[in-house]
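Single-letter residue listing:
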Amino acid sequence: KGICAIDTETNSLNIESALLVGISLCYEEQTSYYIPINHTNIDGSKKIENQLEEKYVINQIHKISNNDAILKIGQNIKYDIRILNKYGVYFKSIADTMLISYSIDNGIYKHNLDDLSFNHLNHNTIKYKDVVGTGKNEITFDKVSIESAVNYAAEDSLLTYKLFLNLYPRLIKERANFVYQNIDLPLVEVLSKIEQNGIEVNKNFLTKLSKDFEKESKKLELNIYKLSNEEFNIGSPKQLGEILFINLKIPGGKKTKSGTYSTDSSTLNALASDGYEVAKLVLEWRELTKLKSTYTDALFRLTDSKSRVHTSFGLANTLTGRLSSTDPNLQNIPIRTENGKKIRTAFISKEGSKLLSFDYSQIELRLAAEISGDKNFIKAFKNNEDIHASTAREIFNLKDNQINQDFRRKAKAINFGILYGISPYGLAKQLGITNSEAKEYITQYFDRYPYIKQYMDNQIDFAKTNLFVETIFKRKINIRGITDKNFALRGFAERQAINAPIQGSAADIIKLAMIEIHNEIKMKNIDAKMLLQVHDELIFEVENKKQDDLINKVKNIMESVHLKYKKFSVPLIVDYGSGNNWGEAH
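What counts, and at which threshold
The written sequence of each chain sets the order in which its residues are numbered from 1. With the structure being a predicted model, the display of local features is reserved for residues of pLDDT at least 70 and the display and counting of side-chain atom pairs for 80 or more, all residues being used for whole-chain, interface and lining totals. Hydrogens and water molecules were not included; the side-chain quantities draw on all heavy atoms of the structure. For the purposes of this entry, the term helix denotes a DSSP run of H or I that reaches at least four residues, the term strand denotes a run of E that reaches at least two, and both are numbered from the N terminus. The atom set for the radius of gyration is the C-alpha atoms, and the globule formula is 2.2 Å times the number of residues raised to the power 0.38. Accessibility here uses a 1.4 Å probe with only protein chains present; expressed as a share of the type maximum, an area under 20% marks a residue as buried, one over 50% as exposed, and anything in between as partly exposed. Here, residues are in contact when the closest pair of their heavy atoms is within 4.5 Å. Under the convention used here, a 1.4 Å probe and the Shrake-Rupley method define accessible areas, while residue burial counts only the protein chains that appear. Just so you know, the count uses Lys and Arg for positive and Asp and Glu for negative, and it drops His and the chain ends. Taken as the charge centre is NZ of Lys, CZ of Arg, CG of Asp or CD of Glu, depending on the residue. We define a nonpolar core as any set of buried Ala, Val, Leu, Ile, Met, Phe, Trp, Tyr and Cys residues linked to one another through side-chain atoms lying within 4.5 Å. Definitions used for this entry: grid spacing 1 Å over protein atoms alone; cavity, a set of points where a 1.4 Å probe fits but cannot get out; pocket, an open set with protein on both sides within 12 Å along at least 5 of 7 lines; lining residue, one with an atom within 4 Å of a point. Grid points are joined across faces, edges and corners, and a volume is the space filled by probe spheres set on the points. Gly falls in the polar group here, along with every residue not listed as nonpolar (Ala, Val, Leu, Ile, Met, Phe, Trp, Tyr, Cys, Pro) or charged (Asp, Glu, Lys, Arg). Any two strands with at least two DSSP-identified bridges between them are counted as paired. Under this scheme, a helix contributes an axis fitted over its contacting stretch, all axes are lines through C-alpha atoms, and angles between N-to-C directions fall in the 0 to 180 degree range. Take a side-chain nitrogen of Lys or Arg and a carboxyl oxygen of Asp or Glu: if they are within 4 Å of each other, that pair is a salt bridge. Only centres within 6.5 Å qualify two rings of Phe, Tyr or Trp (six-membered ring in Trp) as a pair; their planes then separate them into stacked at under 30 degrees, edge-to-face at over 60, and tilted for everything else. In this analysis the charged atom, NZ for Lys or CZ for Arg, is taken to sit over a ring once it is within 6 Å of the ring centre and within 35 degrees of the ring normal. When we speak of the arc, we mean the arc of directions from the helix axis to the C-beta atoms. We call two N or O atoms a polar contact when they sit within 3.5 Å, provided that within protein one can donate a hydrogen and the other can accept it, with sequence-adjacent residues counted only if both atoms are side-chain atoms.

Draft legend 1. Summary view of the overall build of the protein chain. Per the secondary structure count, the protein chain includes 22 helices and 16 strands. Since a compact globule built from 586 residues should have a radius of gyration of about 25 Å, the 26 Å found for the protein chain is in line with a globular shape. By principal-axis analysis of the C-alpha atoms, the protein chain measures approximately 80 × 60 × 60 Å. When burial is assessed residue by residue, the protein chain has 49% of its 586 residues classed as buried. The long-range share in the protein chain, meaning contacts at least 24 apart out of those at least 6 apart in sequence, stands at 64%. Counting every atom, the protein chain has about 28100 Å² of accessible surface; 49% of that belongs to carbon and sulfur. Here the protein chain contributes 79 positively and 73 negatively charged side chains, and the mean placements of these two sets differ by 2 Å.

Encoded structure:
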């Protein structure tokens, strides 16, 4: 047939410890097959008879998966590749229905099997919980009866096969093939390897950090209670709202649909900037407790026998094409806070090696200049000027010797704020100025950079007409709500239409760089391990003596990979750092 859908069943979602229980295959629209391997009785006492031997199945599957002439289709095939890699099975010639859907319907649907089956095949899938049972001691898939497993698992490969036949013609017809074939699909192999590599964490340091965070949060709790005149559950939004807006009579409380006062971060930040100490302390308490539960405690639990953690990257979870990260989420470690830096310090290199971080410098501003074609913006980057100082000079009509840190800070807020469609009110709040001053700054900005304004207006018009926008590489980003009568929904969609092509182009460029670097590593032209991608940053582990070689090669690839596909006026610049831990390298 030359085509076959494949799906693995395991006893755990943790790839590092998961046992392969069975494999389902489908190569025609009517029938799919389930091959049980490691099912046991419900009590786990005895392996069920009449299953094929694991070694035999692995050997046969490898012949299929490693055969270039047979297209292997998966739904999130990265998971199946990671599982089968553990058994020495490697893949050539793959397709992924999740990624095809992401290329054509990004922003319209979710791309999981349940949603895709319902939206495209009008089919409700059998749910995992209905197969394995529910309750506190939920049984794992290896203890499921083979009859139940056949229905559940064979359905997955059958639906994947049908979805491929349904979606692939659209991919070609809607000209979304470039992004799928050249960016997202090759990244499956790259991310599989990165996840497999993992990154080492210093467990002793984590234990100490966890205790420090615990101690610090207890101190904050006592101070919050003191300012509130009573003890309460700080983690409860309801109780916190009542304390702030009823007991302490702080003005400006707004109620949510559920009838409780809003205590989200924007509310607390506004109160903190108005001088309410209690709000500032609650924000600090939230950060500490979140860092403790999400990182210092979780990282400890998620390490393997070699003290390495293996995050899982999501390829189809964001509107812009950026990767997401779970178990642990390494994308959300605070960048600017001292505590965020402490968390990064816990990620270390092995003896005799260093961690190297490569980071695109101001890539979104550079892409804004490139896409808009604004001459003043392009000139500043071509001349390697400090873009925020340059903007400060333009907007505030200053000479170079008059630009201080305060003017630069304001210009930076304006530069990034404009790209995210900031309003005069939002800018005023951020800079602590009046609305009319903020409005004047934005007007002056557009006077100096008229093509940026033109780009923004064009993007909104394009999105209203076509209901989508595109990155430089034609990644399609569907924009919902752009014609909505609701002002807030429409405004949000307009901001997405402006920013998504810029952020999405940045995501595409770093993906292209990762693919090329991975190929260089495979061909042994680069001797290092790629460990992480965090937005505009790549992290490597390299032997001390091979650092310089890595710096030259990676910097060169990251700064030029996009030029193979499109001529740029604006140069891309990559900064790098080195250290014994991520904190030092960042």
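That was the structure; now back to the text.
Draft legend 2. Broad picture of the nonpolar core. Within the largest apolar cluster, 152 residues are counted, with the highest numbers of intra-cluster contacts made by Phe347 and Phe377. Sorting elements by how many residues they give to this core places helix α20 (residues 487-522) first, with 10 residues. The residues touching phenylalanine 347, leaving out its near neighbours within four places in the chain, are Ile199, Glu200, Val201, Leu299, Val309, Leu330, Ile333, Leu355, Asn580, Asn581 and Trp582.

Draft legend 3. Up close: the layout of surface pockets. Each pocket or cavity is described by its volume, and for the largest pocket that value is around 1500 Å³. Along the wall of the largest pocket there are 50 residues; nearest its centre are Leu13, Gln75, Asn76, Tyr79 and Ser312. Among the secondary structure elements, those contributing two or more residues to the lining of the largest pocket are β1 (3-10), α2 (77-85), α3 (97-105), α4 (113-121), α6 (146-173), β8 (312-314) and β9 (324-326). Looking at the lining of the largest pocket residue by residue, the class counts come to 16 nonpolar, 21 polar and 13 charged. Here the second largest pocket defines a volume of roughly 1000 Å³. Taken together, 30 residues form the lining of the second largest pocket, with Ile335, Arg336, Asp359, Phe416 and Asp536 sitting closest to its centre. Looking at the lining of the second largest pocket, the elements that each hand over two or more residues are β11 (353-360), α13 (363-372), α16 (405-419) and β16 (574-579).

Draft legend 4. Up close: unusual backbone geometry. The linkage connecting aspartate 327 with the following residue, proline 328, adopts the cis geometry, with an omega of 0°. The residue proline 328 is located in the loop between β9 and α12 (338-345) in this model. In this structure, serine 307 takes a positive phi of about 65° despite not being glycine. Along the polypeptide, serine 307 turns up in the loop between α11 (277-302) and β7 (308-309). According to the relative accessible area criterion, serine 307 is buried, its value standing at 19%. In the Ramachandran plot, histidine 535 falls in the positive-phi region, its phi being about 55° despite a non-glycine side chain. Along the chain, histidine 535 falls in the loop between β14 (529-534) and β15 (537-543).

Draft legend 5. Here's a closer look at the sheet that holds β16. Taking strand neighbours across the sheet as the criterion, the four strands line up as β14-β15-β11-β16 in an open arrangement whose pairing is antiparallel. Bordering the open sheet on either side are β14 and β16, each of which pairs with just one other strand. Mean inter-strand twist for the sheet, computed between neighbouring axes without regard to direction, equals 20°. Of the pairings in the sheet, the one linking β11 to β15 comprises seven bridges and is antiparallel in character. Residue pairing across strands places serine 357 opposite isoleucine 539, the latter belonging to β15. Against the sheet, helix α21 (residues 547-560) makes contact with β11, β15 and β16, and its axis sits at roughly 20° relative to β11, the strand it touches most.

Draft legend 6. Highlighting the pattern of salt bridges. Under the criterion given, the structure shown has 36 salt bridges. Two residues, arginine 393 and glutamate 385, come together in a salt bridge whose shortest N-O distance is 3.1 Å. On the accessibility criterion, arginine 393 (25% relative accessible area) is partly exposed. Among the residues examined, glutamate 385 registers a relative accessible area of 27% and is labelled partly exposed.

Draft legend 7. Looking closely at the environment of alanine 500. Mapped onto the fold, alanine 500 is located in helix α20. Along the sequence, alanine 500 and glutamate 470 sit 30 residues apart, while their C-alpha atoms lie 8.0 Å from each other. Sequence-distant contacts of alanine 500, defined by excluding residues within four places in its chain, comprise Thr320, Val469, Thr471, Ile477 and Ser505.

Draft legend 8. Expanded view of the packing of aromatic side chains. Scanning the entire structure with this criterion turns up 19 aromatic pairs. Measuring from centroid to centroid gives 5.2 Å for phenylalanine 164 and tyrosine 168, while their planes differ by 25°, and the two rings are stacked. Of this pair, phenylalanine 164 and tyrosine 168 both sit in helix α6, four residues apart, which is roughly one turn of the helix. Here the aromatic cluster, defined as three or more aromatic residues joined through ring pairs, consists of Phe377, Phe381, Tyr445, Phe446 and Tyr449. Lying over the aromatic face of phenylalanine 300, lysine 203 brings its terminal NZ or CZ to 5.2 Å of the ring centre. Above the plane of the ring of phenylalanine 468 lies lysine 476, whose end atom (NZ or CZ) is 5.0 Å from the centre.

Draft legend 9. Inspection of helix α14 (residues 375-382) at higher detail. Listed as buried for α14 are Phe377, Ile378, Ala380 and Phe381. Projected down its long axis, α14 shows its buried positions confined to an angular sector of 160°, all on one face. Away from the buried face of α14 by more than 90 degrees, exposed residues Lys375, Lys379 and Lys382 are located. Close packing links the buried residues of α14 with α13, α15 (387-396), α16, α18 (435-448) and α19 (450-466). Residue aspartate 374 occupies the N-cap position of α14, its side-chain oxygen lying 3.2 Å from the main-chain nitrogen of asparagine 376. After α14 finishes, the residue asparagine 384 shows a positive phi value of roughly 60°.

None of this, on its own, says anything about what the molecule does.
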